[in-house]
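Listed below, chain by chain, are the residues.
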Amino acid sequence: MATDAPPPSKEQHRLPTTEEFTEVQESAEFGELRRSYRSFAFPLTVGFIVWYLLYVLLSIYAGDFMGIELFGNINMALVLGLAQFLTTFLIAWWYARHAAAQLDPKADAIKSRMEGGA
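The chain is annotated in an unreviewed UniProt entry as DUF485 domain-containing protein of Streptomyces cinnabarinus.

Draft legend 1. Spotlight on the overall build of the chain. Tallying secondary structure elements over the chain gives four helices and two strands in all. Across the chain, helices and strands are ordered from the amino to the carboxyl terminus as α-α-α-β-β-α. Scaling as 2.2 N^0.38, a compact globule of 118 residues should have a C-alpha radius of gyration of about 13 Å, whereas the chain reaches 22 Å, well beyond that. Structurally, the chain occupies a C-alpha span of about 65 × 40 × 20 Å along its principal axes. In the chain, which comprises 118 residues, the share counted as buried stands at 18%. Taking all contacts inside the chain whose residues are at least 6 apart in sequence as the whole, residues at least 24 apart take part in 63%. Of the roughly 9,200 Å² of accessible surface on the chain, 66% is carried by carbon and sulfur atoms. Mean positive and mean negative side-chain charge positions of the chain (9 and 13 charges, respectively) differ by 4 Å.

Draft legend 2. A nonpolar patch on the surface, seen in detail. A surface patch of nonpolar side chains, amounting to about 430 Å² of accessible area, comprises Phe65, Ile68, Leu70, Phe71 and Val79. Within the secondary structure, Phe71 is located in strand S1 (residues 69–71). For Phe71, a relative accessible area of 56% puts it in the exposed group.

Draft legend 3. Quick peek at the side chain of Ser36. Within the fold, Ser36 resides in helix H2 (residues 28–61). Judged by relative accessible area, which is 10%, Ser36 ranks as buried. Here Ser36 is in contact with His98, Gln102, Leu103 and Lys106, once residues within four sequence places are set aside.

Draft legend 4. Region of the structure containing the UniProt feature "transmembrane region" (unreviewed entry) in the chain. Mapped onto the present numbering, the UniProt feature "transmembrane region" (unreviewed entry) falls at residues 40–62 and 74–96. Between the C-alpha atoms that bound residues 40–62 the distance is 32 Å, and the span itself is 96% helix and 0% strand. Along residues 74–96 one finds 91% helix and 9% strand; the C-alpha atoms at either end are 32 Å apart.

Draft legend 5. Structural detail: the side chain of Gln84. By secondary structure assignment, the location of Gln84 is in helix H4 (residues 76–116). The exposure class assigned to Gln84 is buried, which follows from its relative accessible area of 8%. Excluding residues within four positions of it along the chain, Gln84 makes contact with Phe48, Trp51, Tyr52 and Tyr55.

Conventions used here
Residues numbered from 1 in each chain as written. Predicted model: local features only at pLDDT ≥ 70, side-chain atom pairs only at ≥ 80, totals over all residues. Heavy atoms only, no water. Helix = DSSP H or I, 4+ residues; strand = E, 2+ residues; numbered from the N terminus. Rg over C-alpha atoms; globule rule 2.2 N^0.38 Å. Buried < 20%, exposed > 50% of the residue type's maximum accessible area, 1.4 Å probe, protein only. Contact = heavy atoms within 4.5 Å. Areas by Shrake-Rupley, 256 points an atom, 1.4 Å probe, with all protein chains shown as cover. Lys, Arg positive; Asp, Glu negative; His and termini not counted. Charge placed at Lys NZ, Arg CZ, Asp CG, Glu CD. Patch = residues over 30% accessible without salt bridge, like charges linked within 9 Å, V, L, I, M, F, W, Y side chains within 5 Å. Salt bridge = Lys/Arg side-chain N within 4 Å of Asp/Glu carboxyl O. UniProt positions renumbered as here; feature names shortened; annotations may be inferred.

See the structure below:
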């Protein structure tokens, strides 16, 4: 089975001390990493939960609306249900792009500094 991942490194990394972890956790750089993650993940999570609950509530209380036939046997409920899957995949794709561009470089910098002792 082929993989794009490089083989694991044979070099030993220095393990940071508890004090070093605490120091990094309290640093401005780590705070920026945490803010960057939260400012992306929390609003999207809330938005998706609201979107999901709206679908459920429409299914329960707006049967006439959800039963509107758009074309053939395809009704509003089916289209909105499939849109749930589509938005799930779009959010995952968007998060992967955000993480690769914004989060991973910051996290890698912190990790290499902690493992390298710099």
